[in-house]
Amino acid sequence: MRTILLGICIFISSIGLAQRECTSSAYLETQKMVQPDLQARLQHIQAFIDKQLQSLPVTAIGTKENGNQPVYKIPVVVHVLYNNAAQNISDAMVKSQIDALNRDFRRTNADTSNTPDRFKEVAADVQIEFALATADPKGRPTSGIVRKATNTSYWRMDDKIKFSAQGGDDAWDSRYYLNIWVGNLQSTLAYSSVPGGPADKDGIVVALSAFGTINVGGAFNMGRTVVHETGHWLGLLHIWGDSYCGDDLVGDTPKQGNFTSGCPSGFRSSCSNGTTGDMYMNYMDYTNDACLNLFTEGQKQRMRSLFASGGPRSSILASRGLDVPWMEAAPLEELPVAIDLKVYPNPAASQLTLTCNASWIGKNALIINMNGSVLSSTPITATTQKFNVSSLRPGIYYLQADQEGEKIRVKFVKL
C-alpha cells in the first residue's frame, strides 16, 4: 500500500530556472529507521482514510454535492529563526502567508479564472481556514509568531530547526497547533511532516525565499510553497503519485506521467489520460506559483477525512489556540539601562526614539506588550533609531533589545 508521503521541496537553480523537486521517499525512509513503528502507523492512517471516504454517499465523493460542510479552523504558530536582522521577517510577511493559505484553501484566489473548463467542476473550496494563534499552549496571549535569534547560519532537512537544544525552536503541542518554522534553508525549499509521524517534529519547514507574498521574487512568490506543503501535512500525495503514472489515491485527479516544472500553458497529456489531460495547475504539482490554482473535491475529502473522530488531525478541532487567552502572564520588569542609552519621548503619541552607541547597530529592537508578546521587530540601523508606534493602542509597552552580555528593556507609555 502506498503510504502518505512527506513533502520535501528542493530549490534548484539552473540557468535562471527554478523548479521544485521532492526527496520525500529518502526522508521518510530515514524516519522509519529511527521510528520502527512508523510504517504500521502510516498503514493504519491509510486504512482510516479509506474507511472515511467509503462512508460518504456515492453522490458526494469527488463532487460539489457534499459542499455544505463545517469550516475547520486551524491555529498556526510561526517560528521565525534568524541569524541576522534581514532574516527576521516582519509580522506583515507572516500574515501575508496566512492570507495566502486561506486564499487557496477557500478558493478565493483571483486566478481561479485560469482553471481549465474541464477541471472547473472538480475545483474545490476545501473549507479549511488558518489563523495565527491567539493563545499559547499555557493559555497566555500570543501573536502566533515566535522569534528567536540563532547562531545557526543555515538549516538542512535534518529537523534541527525544530528543537531549541539544537539551535532551533521547540514545537508547540502539535495536537492543537500547526507549527511552521521559517529559516535560512540550505538547498531545501520546504518540507512537511507526515500525519502519524513524531509529534515533536510535526509541522512545516520553509525557506525564507519561499515564505509569504510581500516583495518576494522568483518562481515561488505567491505563498504556494506553504500551500503545497500544507497539502502534504493534510495527507495529500503529489499529483503524479510519486512514480511514473502513479496513483495519488484521489479519484478526480487524472493519471500523470511525472511532475511539471516551469509554467506551462495549454493542453498536455500523459498516461493515456485522454480528454482531461494533465492537471499541472494543481497545488500538488511542482509548477511555478503563478500557474497553480486548484485543489480538487477528491483532495478536499481526503484532507478533511483526517479530522474525523479518531483521525490523526481530529484533536486540532478541540484546540483552544484561537480562544481568548485565559491566563495572564506575569508583567515584565524594566532592566537597568546604560547612561548612553535613552528612549524618548515617554509618553509617546506616534514616534519613539532610541539613542544608543554603535555596538547596538545590527541588533533587533522589539516592541512587546505587558505579557511579553512581541508586537514588532525592527533592525537598529543607526545610533539614533526611530520607531513608529502610531498603530499601538494606548497603554504600557516595552522596548527591548539584546546583544552579547547586555539586554535593555525600557517601559514606555503609548498615548
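Predicted model only: the values in this text are computed from it and were never measured.

K.L.:
In this structure, what is going on with the side chain of Thr355? I would like to understand it.
P.N.:
Structurally, the position occupied by Thr355 is in strand β10 (residues 351-355). Relative accessible area serves as the criterion here: at 18%, Thr355 is assigned to the buried category. In contact with Thr355, not counting residues within four places along its chain, are Asp340, Leu341, Lys342, Tyr344, Thr383 and Thr384.

K.L.:
Is there a simple way to think about the nonpolar core in this case?
P.N.:
In summary, soluble globular proteins display a tendency toward joint burial of nonpolar side chains. Val78, Phe105, Ile128, Phe130, Ile180, Phe211 and Phe295 are the most contacted members of the largest nonpolar core, which has 45 residues in total. Elements supplying a minimum of two residues to this core: α2 (38-54), β3 (72-82), α3 (91-105), β4 (128-132), β6 (178-183), β7 (188-192), β8 (204-207) and α5 (224-233). When neighbours within four sequence positions are excluded, Ile128 is seen to be in contact with Tyr72, Ile74, Asn102, Phe105, Arg106, Leu234, Arg304 and Phe307. Counting 19 residues, the second largest nonpolar core, distinct from the first, contains Leu341, Leu352, Leu392 and Leu399.

K.L.:
Before we go on, may I ask you to explain the side chain of Asn273 in this structure?
P.N.:
In this structure, Asn273 sits in the loop between α5 and α6 (297-305). Of the polar contacts made by the side chain of Asn273, one reaches the backbone oxygen of Lys255; its length is 2.8 Å. Among the polar contacts made by the side chain of Asn273, one reaches the side chain of Asp278 at a distance of 2.6 Å. Setting aside residues no more than four positions away along its own chain, Asn273 makes contact with Pro254, Lys255 and Asp278.

K.L.:
Whenever I open this one, the sheet that holds strand β9 (residues 342-344) confuses me. Can you help?
P.N.:
Each strand in a sheet pairs with its neighbour through backbone hydrogen bonds, running either in the same direction (parallel) or in the opposite one (antiparallel). Strands sit in the order β9-β10-β13 across an open sheet of 3 strands; the sheet is antiparallel. The two strands at the open ends of the sheet, each matched to only one other strand, are β9 and β13 (384-388). Strand after strand, the sheet turns through a mean of 20° between neighbouring axes, direction not considered. Two strands pair when backbone bridges link them, and β9 and β10 are joined in this way by 3 bridges, in the antiparallel orientation. Bridge assignment links Val343 to a residue of β10, and that residue is Leu354.

K.L.:
Would you mind going over the pattern of salt bridges with me for this structure?
P.N.:
Pairing between side chains of opposite charge can happen when their charged atoms approach one another. Enumeration according to the criterion identifies 14 salt bridges in this entry. Asp402 is paired through a salt bridge with Lys407; the nearest N and O atoms lie 3.5 Å apart. On the basis of relative accessible area, Lys407 is assigned to the partly exposed category, the value being 34%. Counted as one network, the salt bridges with shared partners bring together Arg103, Asp104, Asp111 and Arg224.

K.L.:
Please clarify how the sheet that holds strand β15 (residues 406-414) should be interpreted in this entry.
P.N.:
In space, the 4 strands of this open sheet follow the order β12-β11-β14-β15, with antiparallel pairing throughout. Both edges of this open sheet fall to β12 (374-379) and β15, since each of them pairs with a single strand only. Across the sheet, the mean angle from the axis of one strand to that of its neighbour is 20°, orientation sign disregarded. Judged from the 9 bridges that link them, strand β14 (residues 395-403) and β15 form a sheet pairing that is antiparallel. If you follow Tyr397 over to β15, its bridge partner there is Phe412.

K.L.:
Would you mind showing me how to read the layout of surface pockets here?
P.N.:
Its volume calculated, the largest pocket comes out at about 950 Å³. Along the wall of the largest pocket there are 36 residues; nearest its centre are Tyr82, Arg147, Lys148, Leu366 and Gln400. When residues of the lining of the largest pocket are assigned to their parent elements, the largest contribution, 5 residues, is made by strand β5 (residues 145-149). Residue classes in the lining of the largest pocket are distributed as 14 nonpolar, 13 polar and 9 charged. As for the second largest pocket, its lining consists of Asp91, Ala92, Lys95, Leu132, Ala133, Thr134, Thr142, Ser143, Ile145, Val374 and Leu375. Those elements giving two or more residues to the lining of the second largest pocket turn out to be α3 and β12. Take the lining of the second largest pocket: its biggest share by element is 3 residues, from α3. Broken down by class, the residue content of the lining of the second largest pocket amounts to 6 nonpolar, 3 polar and 2 charged.

K.L.:
Could you clarify how one ought to interpret the environment of Lys407 in this entry?
P.N.:
Turning to its location among the elements, Lys407 is positioned in strand β15. Contacts of Lys407, omitting those with residues within four sequence positions, involve Leu335, Pro336, Trp360, Gln400, Ala401 and Asp402.

K.L.:
Honestly, α2 in this entry has me stumped. Any pointers?
P.N.:
An α-helical turn contains 3.6 residues, so a residue and the one three or four places further along point in the same direction. Helix length check: α2 (17 residues) gives 24 Å between terminal C-alpha atoms against 24 Å at 1.5 Å per residue, within 8%. Listed in full, the buried residues belonging to α2 are Leu38, Leu42, Ile45, Gln46, Phe48, Ile49 and Leu53. The buried residues of α2 all sit within an arc of 160° when viewed along its axis, so they share a single face. Away from its buried face, by an angle of more than 90 degrees, α2 presents the exposed residues His44, Lys51 and Gln54.

K.L.:
I tried to follow the state of the cysteines on my own but got confused; where do I start?
P.N.:
In a disulfide, the sulfur atoms of two cysteines are held together by a covalent bond. By the definition in use, this model includes 2 disulfides. Sulfur-sulfur distance for the disulfide between Cys245 and Cys271 comes to 1.9 Å. Taking the sign of the S-S torsion, about -95° here, the bridge from Cys245 to Cys271 comes out left-handed. Residue Cys245 is located in the loop between α5 and α6, and its partner Cys271 is located in the loop between α5 and α6; the two are separated by 26 residues in the primary sequence. Across a sulfur-sulfur distance of 1.6 Å, Cys263 and Cys291 are joined as a disulfide pair. Note on the Cys263 and Cys291 pair: the S-S dihedral is about 55°, so by sign convention the disulfide is right-handed. Here Cys263 is found in the loop between α5 and α6, whereas its partner Cys291 is found in the loop between α5 and α6, with 28 residues between them in sequence. For Cys263, a relative accessible area of 42% translates into the label partly exposed.

Scoring rules and cut-offs
- Residues numbered from 1 in each chain as written.
- Predicted model: local features only at pLDDT ≥ 70, side-chain atom pairs only at ≥ 80, totals over all residues.
- Heavy atoms only, no water.
- Helix = DSSP H or I, 4+ residues; strand = E, 2+ residues; numbered from the N terminus.
- Buried < 20%, exposed > 50% of the residue type's maximum accessible area, 1.4 Å probe, protein only.
- Contact = heavy atoms within 4.5 Å.
- Core = buried A, V, L, I, M, F, W, Y, C linked by side-chain atoms within 4.5 Å.
- Polar contact = N/O pair within 3.5 Å; in protein donor to acceptor, adjacent residues only side chain to side chain.
- Pairing = 2+ DSSP bridges.
- Axes fitted to C-alpha atoms, helices over the stretch in contact; angles between N-to-C directions.
- Salt bridge = Lys/Arg side-chain N within 4 Å of Asp/Glu carboxyl O.
- 1 Å grid on protein atoms, 1.4 Å probe; cavity = no way out; pocket = protein on both sides within 12 Å on 5 of 7 lines; lining within 4 Å.
- Points joined across faces, edges and corners; volume = space filled by probe spheres on them.
- Nonpolar A, V, L, I, M, F, W, Y, C, P; charged D, E, K, R; others polar.
- Expected span 1.5 Å × (residues − 1).
- Arc of directions from axis to C-beta.
- Disulfide = S-S within 2.5 Å.

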